[in-house]
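Take a look at the letters that make up each chain.
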Amino acid sequence: MTQWERLQQLDTVYSQRASDLYNRDEFPMEVRHYLAHWIEGQDWERASRDSSQAAFLFQVLLENLDNQFSRFAQEKDSFLLQRNFRRYKQNFQKYQEEPYTLASIINWFLVKEREILNDAELAQQVQTLQVQPTAMELESQRKVEKSFKELKTKVEVMEHSIRCLEEQQDEFDFKYQTHLMDSCTEEEKKMQAEGLQKLLNALDKCRKNFLSDISTMLDAADVLSSALIDEELVDWKWRQQKSCIGAPDDTSLEHLEKWFTQIIESMFQLQKFLQKLDELVGKMTYEKDPIPIQKPRLKSRVETLLTNLIKSSFVIETQPSMPQGRGPLVLRTNIQFSVKVRLLYKASELNHVMKVTVSVNNAASQLKGFRKFNVLGTLSKALNMAESLNGGMVADFRHLTLKDQKVTSGGKGISDLSLSVTEELHRITFQTQFDYQGLSVPLETSSLPVVVISNSSQQQSAWASVLWFNMLCSDPTNVKFFETSPAATWPQFGEMLSWQFHSCGKRGLDSDQLETLAIKLFGKQQSYDNCKLSWTKFSKENLPDTNFTLWVWLDGILTLVKLYLSDLWSDGSIMGFVSKGKERLLLKKKQDGTFLLRFSESIKDGGITFSWVQYANNGTPSVQTVKPFTSADLKQIALPDILCNFRMMIAENIPVNPLCYLYPNTPKDQAFGKYYSKKTGEENPYLKYLKTKLVFVSKKNGCSGVREGPESDLSTQDRDPPSVSDAGDDDLLLQVLEKSPMLSSSTIDDDTLNSILDSDSESTIPEAFPPTSPHISPSWLQDNFSEIPLDLFADALSPEIDVNLTLHEFLNSPNILNGINLRMLPEESDDFFLDPGLIQELGYPNVPLTP
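Because the structure is predicted, anything quoted here is derived from the model rather than measured.

S.K.: Any details on the overall build of the chain? Residues and values, ideally.
M.R.: When you go through the chain residue by residue, the secondary structure sums to 27 helices and 24 strands. Considering the chain as a whole, with its 851 residues, one finds that 47% of them fall into the buried category. By element, 50% of the accessible surface of the chain is carried by carbon and sulfur atoms, the whole surface being about 41800 Å².

S.K.: Mind laying out the packing of aromatic side chains, listing which residues take part and the relevant values?
M.R.: A ring pair, where both rings are aromatic, is described by two values, the distance of the centres and the angle of the planes. Scanning the entire structure with this criterion turns up 36 aromatic pairs. When the centroid spacing of 5.6 Å and the interplanar angle of 65 degrees are considered together, the rings of F85 and Y88 count as edge-to-face. Of the two residues, F85 and Y88 both sit in helix 7 (residues 79-92), 3 residues apart, roughly one turn of that helix. Judged by its relative accessible area of 8%, Y88 falls in the buried class.

S.K.: Which residues make up the sheet that holds strand 6 (residues 380-382), and what are the values?
M.R.: As summarised here, the arrangement of the 4 strands in space is 6-4-8-9, forming an open sheet in which the pairing is antiparallel. Lying at the two open borders of the sheet, with one neighbouring strand each, are strand 6 and strand 9 (439-446). The sheet shows a mean angle of 25 degrees between the axes of neighbouring strands, direction not considered. The pairing of strand 8 (residues 428-436) with strand 9 spans 8 bridges and is antiparallel. Bridge pairing in strand 9 places Q431 opposite E444. Helix 12 (residues 290-312) rests against strand 8 and strand 9 of the sheet, and its axis sits at about 35 degrees to strand 9.

S.K.: Lay out the nonpolar core in plain terms, naming residues and giving numbers.
M.R.: If you look at the biggest cluster of nonpolar residues, it comprises 156 residues, and the most contacted ones within it are F434 and F493. Broken down by element, the residue count for this core peaks at 14 residues, all from helix 10 (residues 186-243). Those residues in contact with F434, other than ones at most four positions away along the chain, are F268, I310, L343, Y345, L350, M354, L439, S440, V441 and L443. The next biggest cluster of nonpolar side chains, apart from the first, holds 38 residues, and it includes Y22, V31, A47 and L117.

S.K.: Mind laying out the sheet that holds strand 1 (residues 314-321), listing which residues take part and the relevant values?
M.R.: Pairing is antiparallel across the open sheet formed by 4 strands, whose spatial order is 1-3-7-5. At either end of the open sheet lies a strand with only one pairing partner, and these are strand 1 and strand 5 (373-376). Strand-to-strand twist of the sheet, defined as the mean angle between neighbouring strand axes without regard to direction, takes the value 30 degrees. Across 5 bridges, the pairing between strand 1 and strand 3 (residues 337-343) is antiparallel. Looking across to strand 3, one finds that F314 is bridged to L343.

S.K.: Before we move on, could you go through the pattern of salt bridges and cite the residues and values that matter?
M.R.: Inspection of every chain in the model, using the stated rule, returns 26 salt bridges. With a shortest N-O distance of 2.5 Å, R239 and D235 are connected by a salt bridge. Taken together, the residues R239 and D235, both in helix 10 and 4 residues apart, mark about one turn of the helix. By relative accessible area, R239 is classed as partly exposed at 22%. Since its relative accessible area comes to 36%, D235 is described here as partly exposed. In this structure, the salt-bridge partner of K537 is E541, at a minimum N-O distance of 3.4 Å. Taking relative accessible area as the criterion, K537 reaches 47% and is therefore assigned partly exposed.

S.K.: Tell me about the confidence of the model for the chain, and please be specific about residues and values.
M.R.: Confidence in the prediction of the chain, expressed as mean pLDDT, is 76, and 74% of residues score 70 or more. Scored below 50 in pLDDT, residues 680-684 makes 5 contacts in the model with residues more than four places away or belonging to other chains. Ignoring residues within four places in sequence, the model shows residues 815-851, a span with pLDDT below 50, making 84 contacts including any to other chains.

S.K.: Tell me about helix 14 (residues 490-505), residues and numbers included.
M.R.: Taking 1.5 Å of rise per residue, 16 residues should cover 22 Å, and helix 14 covers 22 Å from first to last C-alpha, within 8% of that figure. Across the 16 residues that make up helix 14, a large majority, 12, are buried. Within helix 14, the full set of buried residues consists of W490, F493, G494, M496, L497, S498, W499, Q500, F501, H502, C504 and G505. Once helix 14 finishes, K506 follows within two positions and takes phi at roughly 65 degrees, a positive value.

S.K.: For the pairing of strand 15 (residues 621-625), give the residues involved together with the corresponding values.
M.R.: For strand 14 (residues 608-615) and strand 15, the ladder comprises 5 bridges, and the chain directions are antiparallel. Bridge pairing links V613 to V623 in strand 15. Between the antiparallel neighbours strand 14 and strand 15 lie 5 residues, among them G619 with a positive phi of about 85 degrees.

S.K.: Before we move on, could you go through the environment of D66 and cite the residues and values that matter?
M.R.: Position of D66 relative to the elements: it lies in helix 6 (residues 51-73). Note on D66: relative accessible area 31%, which makes it partly exposed. Sequence separation of D66 and K89 is 23 residues, and the distance between their C-alpha atoms is 8.1 Å.

S.K.: I'd like a description of the packing of helix 6 against helix 7, backed by residues and values.
M.R.: Where helix 6 contacts helix 7, the axes come no closer than 9 Å and their chain directions differ by 165 degrees. With respect to each other, helix 6 and helix 7 are oriented roughly antiparallel. In this structure, helix 6 meets helix 7 at a crossing whose hand is left-handed. When helix 6 is examined against helix 7, the residues F58, L61, L62, L65, D66, Q68, F69, F72 and A73 are found in contact with a partner set consisting of L81, Q82, F85, R86, K89 and F92. Among the residues forming the contact of helix 6 with helix 7, the class breakdown is 10 nonpolar, 2 polar and 3 charged.

S.K.: Let's hear about the side chain of Q459: which residues, and what values?
M.R.: Secondary-structure assignment places Q459 in helix 13 (residues 459-472). Owing to a relative accessible area of 15%, Q459 belongs among the buried residues under this scheme. Ignoring anything within four residues of it in the chain, the contact list for Q459 reads M322, G325, R326, V330 and I453.

S.K.: Give a description of a nonpolar patch on the surface that names residues and reports values.
M.R.: Together, Y176, L180 and M181 make up an exposed nonpolar region whose accessible area comes to about 350 Å². Within the fold, L180 resides in helix 9 (residues 131-181).

S.K.: Give me the environment of F482: which residues, what numbers.
M.R.: For F482, the position within the fold is in the loop between helix 13 and strand 11 (488-489). Residue classification places F482 among the buried positions, given a relative accessible area of 5%.

Basis of the calculations
- Residues numbered from 1 in each chain as written.
- Predicted model: local features only at pLDDT ≥ 70, side-chain atom pairs only at ≥ 80, totals over all residues.
- Heavy atoms only, no water.
- Helix = DSSP H or I, 4+ residues; strand = E, 2+ residues; numbered from the N terminus.
- Buried < 20%, exposed > 50% of the residue type's maximum accessible area, 1.4 Å probe, protein only.
- Areas by Shrake-Rupley, 256 points an atom, 1.4 Å probe, with all protein chains shown as cover.
- Phe/Tyr/Trp six-rings, centres within 6.5 Å; stacked < 30°, edge-to-face > 60°.
- Pairing = 2+ DSSP bridges.
- Axes fitted to C-alpha atoms, helices over the stretch in contact; angles between N-to-C directions.
- Contact = heavy atoms within 4.5 Å.
- Core = buried A, V, L, I, M, F, W, Y, C linked by side-chain atoms within 4.5 Å.
- Salt bridge = Lys/Arg side-chain N within 4 Å of Asp/Glu carboxyl O.
- pLDDT = per-residue confidence, 0-100.
- Expected span 1.5 Å × (residues − 1).
- Parallel < 35°, antiparallel > 145°, perpendicular 65-115°, else oblique.
- Left-handed = near helix turned anticlockwise from the far one by under 90°.
- Nonpolar A, V, L, I, M, F, W, Y, C, P; charged D, E, K, R; others polar.
- Patch = residues over 30% accessible without salt bridge, like charges linked within 9 Å, V, L, I, M, F, W, Y side chains within 5 Å.

Below you can see the structure in the form of structure tokens.
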């Protein structure tokens, strides 16, 4: 089943989110529907970074649109689809020069679809596993539903009462008029007058009872209104605020819309009852009539209730967000964003009547030093039911843009608040006028504070501000929040951080991972509930012994998980946050070959490494660790394939994978087998050229890491340059012919190994390895490489020559294999070659070679 088909089977709440997603014009839903199989079979994430791949997919997309157009041309009832697909192709032509932009857009939509599916899956799991909380929630909803049902019943009873009241008044009026016209004796008139008095008394009592019923109903409506506005709506807004930063909360408006509609309809019904009382008074009144006395007060109460309810029912359904932004509430100047407003009172008579206008910075623009913006695009839209699948009254603004106002007379000036650009908070405001059944109410609602940036490099810092504000502040009007930003308690911060991992990898942080982070931040404590983290320590001060902040480090890991590790993180294969000391303690208690995956603490942009335990002949355990893999590595080779293909050399040049069991005791293939690459050499785009292996020689604990990939994409020039902060994880990266033996610390002599390795810490790279190996005799080299020009090896063995440059020239020589008498190893009789000259050129000390 395709991802698109799974989306179509979701419940109403999540199918609505999918529908809202494709309300945007960047990628039409019809194209997504008819090309679903092909779209999901392409690597759009790679195409967004690879212009040649993007250009190829762009052309294939246009061809598929043409093919679909031709199919529609042969179908009688597909005229509109045929016309639409012609228009879609014309619209896509604007990406001819930058096809990677279209690839990024399609990839963004696919990612958002997966997020909706993940949220729906989580909601189902919560409903299945968390029975008690769900039952409590349903019980609360049942109580509210019961109250609204009782209110509706009272309205129906009052409808009957006012009809009876009208009939009583008509009866009295008829008998009174008859009494005036009748010519009868005094005694008969007296008896008629007594009868009329009884009717009048009964009528007066009915009027008083009806007015009392209205007052009682208004008391109940007051309680319900307060619960709806001050509790349910506030709770929904807080859930929406948390969901903006990753909380898996339900932000559906179905129940609120139903309740608002019911109570507002009831109040309008009361208003009609009061108007009916005016009619009755107009026909007949009497001394001490209760209606003229009590009605004005009741009418005022009804109008006050209605006004409060209608004002509160105007909400932001979808907070401002850019199509390819990091998350909601981060906007960039001159880039389109969308936002949706909703009136929770559904009245068909209002459809296409209420015009909503948009503006920005009504409050923030008054603060000295804050930037000012103009909002461009479609600034006015009508509330209507057409843009919502469930018939809600919405106005969907899809093409708004913020533009800096040009500041005259001296520029921006000095801010009263010493805030950075990403600490400025602005709000998008929407206004409309509600006119219905004689009630006129101005409505206004504003978005949560947004951070406005002008460059994509500010996204990381802007998202940190969004996280901090929405974690700590429930007052959306507080645009000066960062003037004196409060500290976050560890429970607040840990919960927010867990939401981030849940958003990126469908699983939050467990108690052990949170404790590891707490120890890193606060040291060992008995309880972390009272520990606090300041905004400065989160986003401005560098971590000890690094050149990056806590947020930069965490964000790098989150990005790594989202792009390359989401499946492994979701199924719990990655331990992630564990100290090196605890890592050794855990592994040394396990069987040989047990390994775990953890995040690097010294790589700025996110890195993941694995460590395993191995036992010496005397039973002494030691823990080995490879150099962390970064996004530059994982975008070429998936981590499961790295784990599958990892090799070390043991005695007699036998390559062995030392990774056997994922901690605590899961066989490696059982844990990762479903993720192994199934592509053959012909199908894998990374194996079309010279097949190579990359060898990581780690100086931490003397281990080696091996992974396969394309020479052009994983060569050293494509890797991030080493920084001071990365020194703890630095290893030597070597590239040799595929199927050459994997070098291991076990083949290096003990003296050399002890001189460069530290079993418990990450050491720096030694300046140079010995240029020659005493285990290789010159005569052996001469016998085996007699036809190779001697000056080539003379240069290769010279300590003054740049090893990397020489290796590059050697591998790229057109005559690399001409005249070479290669010796075939008995262990690998197919194409497993050992090139002694190449090994010698790399400068490995004491590498035993079998002549």
